[in-house]
Amino acid sequence: MRLWTLHPRYLDPQGLVALWREGLLARAVLRGRTKGYRHHPQLARFQEHDSPARAIDAYLGCVVDEADARGYRFDRSKIAPVRAPLRLAATTGQIEYEWRHLMRKLRQRNRALHRRWIAEAKPQPHPLFRLRRGGVEPWERT
């Protein structure tokens, strides 16, 4: 499971679809509807929020917005609307780690996107996250 801290605009089509599917799985886990994945490290930052279900819905709302912008048809009815803005903290080190990881994936899977994004000096986080200085998050498996 990879719930990217990076903005979903950087993902290739396969990555965006995978993020949606894995995000829906994370949503089911956070709502107590599965037996597996309950201790998956990628869920820690959502579990630490006062309302984990609202946090993952806000996260997925941005993913479905990106899908809409690309003309994809993700089923928005699978998530609850989030009325009040939510923010989670993320570190600059996490963004840098994920950026290198994504660039390796795109170099193999989608050379055109790799060429488009490789020179990006300051990749943006997913809109849910506000960056603070720091290293790779402790829950990340490096």
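Since the model is a prediction, treat every value here as computed from it, not as a measurement.

Okay, the overall build of the protein next. Within the protein one finds 5 helices and 2 strands. Secondary structure elements of the protein, listed N to C terminal, follow the sequence α-α-α-β-α-α-β. Expected size for 142 residues packed as a compact globule is a radius of gyration near 14 Å; at 15 Å, the protein falls within 12% of this value. Expressed along its principal axes, the backbone C-alpha trace of the protein runs to roughly 40 × 35 × 30 Å.

With that settled, consider the pattern of salt bridges. Tallied over the full model, the rule gives 8 salt bridges. The closest approach of N and O atoms between Asp68 and Arg76, which form a salt bridge, is 2.6 Å. For Asp68, a relative accessible area of 39% gives the class partly exposed. Look at the salt bridges and you will find they share partners, linking Arg2, Glu98 and Glu140 into a network.

Okay, helix H1 (residues 13-30) next. Each α-helix winds once per 3.6 residues, and so residues spaced three or four apart point in a common direction. Between its first and last C-alpha, H1 extends 25 Å over 18 residues, near the 26 Å set by a 1.5 Å rise per residue. Every buried residue belonging to H1 is among Gly15, Leu16, Leu19, Trp20, Gly23, Ala26, Arg27, Val29 and Leu30, and all of these are buried. Along its buried surface, H1 packs onto helix H2 (44-47), helix H3 (52-70) and helix H4 (92-109). Looking one or two residues past H1, Gly32 carries a phi angle of roughly 75 degrees, positive in sign.

Close contact between H1 and H3 brings their axes to 10 Å; oriented N to C, the two are set at 160 degrees. The pairing of H1 with H3 is recorded here as roughly antiparallel in orientation. In this structure, H1 crosses over H3, and the sense of that crossing is left-handed. On H3, the residues that touch Pro13, Leu16, Leu19, Trp20, Gly23, Leu24, Ala26, Arg27 and Leu30 of H1 are Pro52, Ile56, Asp57, Tyr59, Leu60, Val63, Val64, Glu66, Ala67 and Arg70. Classifying every residue of the contact of H1 with H3 gives 14 nonpolar, 1 polar and 4 charged.

Procedures and definitions
Residues numbered from 1 in each chain as written. Predicted model: local features only at pLDDT ≥ 70, side-chain atom pairs only at ≥ 80, totals over all residues. Heavy atoms only, no water. Helix = DSSP H or I, 4+ residues; strand = E, 2+ residues; numbered from the N terminus. Rg over C-alpha atoms; globule rule 2.2 N^0.38 Å. Salt bridge = Lys/Arg side-chain N within 4 Å of Asp/Glu carboxyl O. Buried < 20%, exposed > 50% of the residue type's maximum accessible area, 1.4 Å probe, protein only. Expected span 1.5 Å × (residues − 1). Contact = heavy atoms within 4.5 Å. Axes fitted to C-alpha atoms, helices over the stretch in contact; angles between N-to-C directions. Parallel < 35°, antiparallel > 145°, perpendicular 65-115°, else oblique. Left-handed = near helix turned anticlockwise from the far one by under 90°. Nonpolar A, V, L, I, M, F, W, Y, C, P; charged D, E, K, R; others polar.

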